[in-house]
Amino acid sequence: MKDTVVGRFAPTPSGRMHAGNVFAALMAWLGVRSAGGQMVLRIEDLDPRAHNPEAVRLLLDDLHWLGLDWDKGPYYQSDRSEVYREALRTLEDKGLTYPCFCTRAELHAATAPHASDGTVLYAGTCRGLLATEVERRRALRAPATRLIVPDEGDPSGAISFYDLVFGSQREVLARTCGDFLVRRSDGVVAYQLAVVVDDALMGVNQVVRGNDLLGSSARQIYLQRLLGYEQPTYAHVPLLVAPDGRRLSKRDRDLDLGEIRAHDAGPERLLGMLATTVGLAQEGEAVSASALVERFSWDRVRAAAKENIVFES
Ligand code: GLU
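Visitor: What am I meant to see in the packing of aromatic side chains here?
Guide: Aromatic ring pairs are defined here through the distance separating the ring centres and the angle between the ring planes. By the definition in use, this model includes 2 aromatic pairs. Taken together, a centroid distance of 5.6 Å and an interplanar angle of 65 degrees make the contact between Phe161 and Tyr234 edge-to-face. Placement of Phe161 in strand S6 (residues 158–163) and of Tyr234 in strand S10 (residues 233–237) is noted, with a sequence separation of 73 residues between them. Tyr234 carries the same exposure label as Phe161, and that label is buried. Ring centres 5.0 Å apart and planes at 80 degrees place the aromatic pair Phe296 and Trp298 in the edge-to-face group. Across the pair, Trp298 and Phe296 agree in class, each one buried. Positioned over the ring face of Tyr122 is Arg146, at 3.5 Å from the centre of the ring.

Visitor: Any chance you could explain the sheet that holds strand S2 (residues 38–43) here in plain terms?
Guide: Across a sheet, paired strands are connected by hydrogen bonds in the backbone, their directions being either parallel or antiparallel. Spatial strand order, S1-S2-S3: 3 strands in an open sheet with parallel pairing. Among the strands making up the open sheet, the edge pair consists of strand S1 (6–9) and strand S3 (72–76). With strand direction ignored, the average angle separating the axes of adjacent strands in the sheet is 25 degrees. Contacting S1 and S2, helix H1 (residues 19–33) crosses the sheet at an angle of about 150 degrees to S2. Packing against the sheet, helix H2 (residues 53–66) makes contact with S1, S2 and S3, and its axis sits at approximately 160 degrees to S2.

Visitor: Help me understand the site of the ligand, please; the structure alone is not making it clear to me.
Guide: Neighbouring the ligand are Arg8, Ala10, Pro11, Thr12, Glu44, Tyr191, Val195, Arg209 and Leu213. Here an oxygen atom of the ligand sits 2.8 Å away from a polar atom, N or O, in the side chain of Arg209. Contact with the protein chains hides 76% of the accessible area of the ligand, taken as 300 Å² for the molecule alone. For the shell around the ligand, the per-class residue count stands at 5 nonpolar, 1 polar and 3 charged.

Visitor: Mind showing me how you'd approach the pattern of salt bridges here?
Guide: Where charged atoms from two side chains of opposite charge approach closely, those side chains can pair. Applying the stated criterion across every chain, the model contains 24 salt bridges. Between Asp62 and Arg261 there is a salt bridge, and its shortest N-O distance comes to 2.6 Å. With Asp62 in helix H2 and Arg261 in helix H9 (residues 257–263), this residue pair connects regions lying 199 residues apart in the sequence. Residue Asp62 is classed as buried on the basis of its relative accessible area, which comes to 1%. Using a relative accessible area of 24% as the deciding quantity, one classes Arg261 as partly exposed. Between Arg80 and Asp198 there is a salt bridge; the shortest N-O distance is 2.7 Å. Highlighted residues: Arg80 in the loop between S3 and helix H3 (81–93) and Asp198 in helix H7 (residues 191–201), separated in sequence by 118 residues. Arg80 sits in the buried class, given a relative accessible area of 17%. Residues joined by salt bridges that share partners form a network here, namely Arg8, Arg42, Glu44, Arg80, Asp198 and Asp199.

Visitor: Looking at this model, I keep getting lost on the sheet that holds strand S4 (residues 97–100). Mind explaining?
Guide: Ordered by their spatial adjacency, 3 strands build an open sheet running S4-S5-S8, and the pairing between neighbours is antiparallel. Looking along the sheet, the strands with just one partner apiece sit at the ends: S4 and strand S8 (180–183). The average angle at which neighbouring strand axes cross in this sheet is 45 degrees, direction not considered. As paired elements, S4 and strand S5 (residues 144–147) share 4 bridges and run antiparallel to each other. Bridge pairing in S5 links Pro99 to Thr145. Along the sheet face, helix H8 (residues 217–227) touches S5 and S8 and points at about 60 degrees away from the line of S8.

Quick notes on the rules
Residues numbered from 1 in each chain as written. Predicted model: local features only at pLDDT ≥ 70, side-chain atom pairs only at ≥ 80, totals over all residues. Heavy atoms only, no water. Phe/Tyr/Trp six-rings, centres within 6.5 Å; stacked < 30°, edge-to-face > 60°. Helix = DSSP H or I, 4+ residues; strand = E, 2+ residues; numbered from the N terminus. Buried < 20%, exposed > 50% of the residue type's maximum accessible area, 1.4 Å probe, protein only. Lys NZ or Arg CZ within 6 Å of the ring centre and 35° of its normal. Pairing = 2+ DSSP bridges. Axes fitted to C-alpha atoms, helices over the stretch in contact; angles between N-to-C directions. Contact = heavy atoms within 4.5 Å. Near = heavy atom within 4 Å. Polar contact = N/O pair within 3.5 Å; in protein donor to acceptor, adjacent residues only side chain to side chain. Areas by Shrake-Rupley, 256 points an atom, 1.4 Å probe, with all protein chains shown as cover. Nonpolar A, V, L, I, M, F, W, Y, C, P; charged D, E, K, R; others polar. Salt bridge = Lys/Arg side-chain N within 4 Å of Asp/Glu carboxyl O.

Listed below in structure tokens is the structure:
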């Protein structure tokens, strides 16, 4: 028997949803509903600065308005630090981590190239510190924690996976990110680790999100392997860009749901415009989320959408 598809919404409550977030959420929801699966809602408020009850309230309300429902949750990452700490301990007990004292300025001054998503290739500066040196530095400042990735020639550090939209992917961790952070120096677990732990413990087996996170998947798959978790299926969906090529962001007030809801009685016009971009609706058609379920397939999304999508509101 085929496993039930379990997908998720995993929003960071940092502001009002905009058309780009709605598009990714719509694709995640259609991926689940078209397969008769289950949807999890997880609020990614891991960073104490992301604690924003009003933004969460608006987010839940916007999802209801859009007709994008869920079966489990909302779960809050801010409630889950103990499970993250346990996963961190597992990695530490395997001898796969080390304290890193590099400052942000030092990291950026290093010769490392920067990937387009802001990932910095870590040069391994703190990997070989002697215990006495670690002690001396600990007295001066709190370290972050890094995960050791296999050296370049080691096949276990070459991660291959198939993305439902972007096809076959391959990444050598030693070349793209190097030893990466699993805990920040302020004690907050890193996004990469939290998301892997959450997806596994919540039974998520289909991860659908914007393609700005395509470059995080290899790190997440590597963590899944170390922690003995199943690897989910990945589908990274195109980002929406404004006609001038600028990526839509929460700063584009004209496209946030507060503005859109002030002008539209229902979500059908917006959903129709988003669905049109991946061939699921006719130009100018207004359509509900539920009416899109039977039109949806990953093949249609893949055929329509390799590049970023230009979106005019
Ligand atoms: N919380 C992330 C965001 O809002 C998404 C994380 C993920 O989908 O893995 O961009």
